[in-house]
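Here are the chains, one letter per residue:
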Amino acid sequence: MAVTGVVWEYLRLEVRRTLRDTGFVIGGVAMPVAMYLLFTNLGDGDDSGWKTASMVGMAAYGAMNSALNTGAGVAEDRSTGWLRQLRITPMTPRQVVIGRALTGAVTVLPALVAVLAAGGLVNGVRLDLWKWAAIALLLWLGSIPFTLLGLGNGYRLTAQTTGVANMACNLVLAVVGGLWFPLALFPEWLRSLSAYTPTNRFAQLGTAVADGHAPTLGTVLVLSLWLLAFGSYAVTSYRRTARTV
Amino acid sequence: MSFTGAVKTFGSVRAVDGIDLEMAGGETVALLGRNGAGKSTAISLLLGLNEPDEGVVRLFGAAPEEAARAGRVGAMLQDGRPVPRVTVGELVGFVARTYPAPMPVAEALELAGIAELAGRRVDRLSGGQTQRVRFAVALIGNPALIVLDEPTAALDVEARYAFWDSMRAYARRGHTVLFSTHYLEEADANADRIVVIDRGRIVADGSGEQLRRSAGGNLVVFDLAGRSTEGLTLLPGVVSVEVRGDRARLRTEDSDATVIALAGMGAVRGLEVAPASLDDAFLALTSGSSNVLERV
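All values reported here derive from a predicted model rather than from experimental measurement.

In terms of nonpolar packing, the biggest core is built from 63 residues, with Trp82(A), Val88(B), Phe135(B), Leu148(B), Met167(B) and Val196(B) touching the most fellow members. Counting 37 residues, the second-largest nonpolar core is a separate cluster that includes Val125(A), Leu127(A), Ile135(A) and Leu223(A).

On to the pattern of salt bridges, then. Enumeration over the complete set of coordinates arrives at 24 salt bridges over all chains. A salt bridge links Arg20(A) to Glu90(B); the shortest N-O distance between them is 2.7 Å. In this pair, Arg20(A) is assigned in the loop between helix H1 (2-19) and helix H2 (22-41) and Glu90(B) in helix H3 (residues 88-98), connecting two distinct chains. Arg20(A) sits in the partly exposed class, given a relative accessible area of 29%. Measuring nitrogen to oxygen at the nearest pair gives 3.6 Å for the salt bridge that ties Arg160(B) to Glu186(B). Separated by 26 residues along the polypeptide, Arg160(B) in helix H6 (residues 157-171) and Glu186(B) in helix H7 (residues 184-190) bring together distant segments of the chain. Here Arg160(B) matches Glu186(B) in class, with each residue buried. Bridged by salt links that share partners, the residues Glu14(A), Arg17(A), Glu76(A), Asp77(A), Arg100(A) and Arg85(B) form one connected network.

Glancing now at the sheet that holds strand S13 (residues 272-275) of chain B. Adjacent strands of a sheet pair through backbone hydrogen bonds, lying either parallel or antiparallel. All names here are of chain B. Strand order in the open sheet formed by 4 strands is S11-S12-S10-S13, and the pairing between neighbours is antiparallel. The outermost strands of the open sheet, each flanked by one partner alone, are strand S11 (238-244) and S13. Taking the axes of each pair of neighbouring strands and ignoring which way they run, one obtains an average angle of 20 degrees across the sheet. Note: strand S10 (residues 218-223) against S13, 4 bridges, orientation antiparallel. Note on S13: the bridge partner recorded for Val-221 is Glu-272. On the sheet, helix H9 (residues 255-265) packs against S10, S11, strand S12 (247-252) and S13 and is oriented at approximately 20 degrees with respect to S10. Sheet strands touched by helix H10 (residues 278-286): S10, S11 and S12. Its angle to S12, the strand with the most contacts, is close to 85 degrees.

Right, let's get into unusual backbone geometry. Residues and elements named next belong to chain B. The backbone of Asn-142 sits at a positive phi, close to 55 degrees, despite the residue not being glycine. Inspection of the secondary structure assignment puts Asn-142 in the loop between helix H5 (127-139) and strand S6 (145-149). Assessed through its relative accessible area of 34%, Asn-142 is described here as partly exposed. One non-glycine residue, Arg-199, lies in the positive phi region at around 45 degrees. The topology assignment puts Arg-199 in the loop between strand S8 (193-198) and strand S9 (201-206).

Cut-off values and rules
Residues numbered from 1 in each chain as written. Chains lettered and ligands numbered in written order. Predicted model: local features only at pLDDT ≥ 70, side-chain atom pairs only at ≥ 80, totals over all residues. Heavy atoms only, no water. Core = buried A, V, L, I, M, F, W, Y, C linked by side-chain atoms within 4.5 Å. Buried < 20%, exposed > 50% of the residue type's maximum accessible area, 1.4 Å probe, protein only. Salt bridge = Lys/Arg side-chain N within 4 Å of Asp/Glu carboxyl O. Helix = DSSP H or I, 4+ residues; strand = E, 2+ residues; numbered from the N terminus. Pairing = 2+ DSSP bridges. Axes fitted to C-alpha atoms, helices over the stretch in contact; angles between N-to-C directions. Contact = heavy atoms within 4.5 Å.

No statement about biological role is implied by the geometric values presented.
Given below as structure tokens:
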């Protein structure tokens, strides 16, 4: 199993590098927690429905943020020549890409877990144990399209433009998808648009479980379409630059 | 390792313009050339980072990618910046685990002269230290061939000497080393064989001594004192003529005959005869004068 061994080593190295990135820890983990606590405790502070909904929204936001960050890492590794150096080692390009995608999957967890923990421990959100587990699992799986979007940006753009593109994707998708503010505050036309965003459906994976039912077929369908779109974007970006890395 | 008629063009530039080259195991070969001569492109072809438009490049009898997959190659690439947020030990240790039969990390760090830096972060080292980390990354896999693309380009004199000491220590273990440089002295001092590349072509291939000889054994220098340089190339033994200031510099294969002819012309003013330096040889080889090229 030498193949998995090398991918595992690469994953360990890259996760370690990500967790040492102060920008990632502050902007990617601490920020969603701080925003969640702020947004849910500014008013009178005993709307438990909003505390739960916002917890899921912010966990989704944090997960998306971290997922996109994976792409920024790729862009950085292209610009420093690290990916080029890896091509001379016995690692295959396939192992490198798989290792990177797995890194994305792992580094999504800190933000996700931190926001859920803030909900349960600080804001007193009470859910059945299976619901906590299901929300965490669904948000984790649901972050895959965003990892692919980030990788698409990272393989296609320079390190600087990747940062800007990720930030733009992040802000627009978070706000329009209703991760930051409740959809009820939106005008009608924006609300109907929101239903088609990957972020809105991403958060619905969690809110559905919190409300005690399975995610709707529509949610799964819309997310699958985005998974396909971002997946193709990542693949074409990779093909375009892989030979020049 | 071999290049057969390799060509690589970027737009209208033929960066590598028909290279034929073979390298045997255990050799230390310098790829010498000016900036933009095609050294880095040739190396990227050799490592499989680029594919030739024409011709064939083989490494250990296989395609370069396959040689890399088998762990037979290590390299220090040009323009590589330090990998952020890892320690020297973590980085070198990781690369070791991607190779089938690496040397111990401590041994590689020792060879590269950075044993004491194992716990330091790669992005917080000096230029010379970073370069040695990249050397350790190149050799950790214990590859049969190690390729160094301008390994000392950004180093000060002291760091450069220290680096070459490490490199020679590694080569002495019987490994094949190919390095590129635009410093003549480095090529002469550290390689068994020098391959001179100019405008994407190989213009000379041999030991430093052979190159010196091929470019004309001696240099005859004298004051022109207003005389024209016409006819000087036709003097006996003369290979090439160059004028610096008011002094003519004749590269010659028979300095006695050249001097006698000059005396016959009454041109002996401030005459000097000296062995041609490697610098002179290099300039002659890369100036594009065809009479020199044919001799090599």
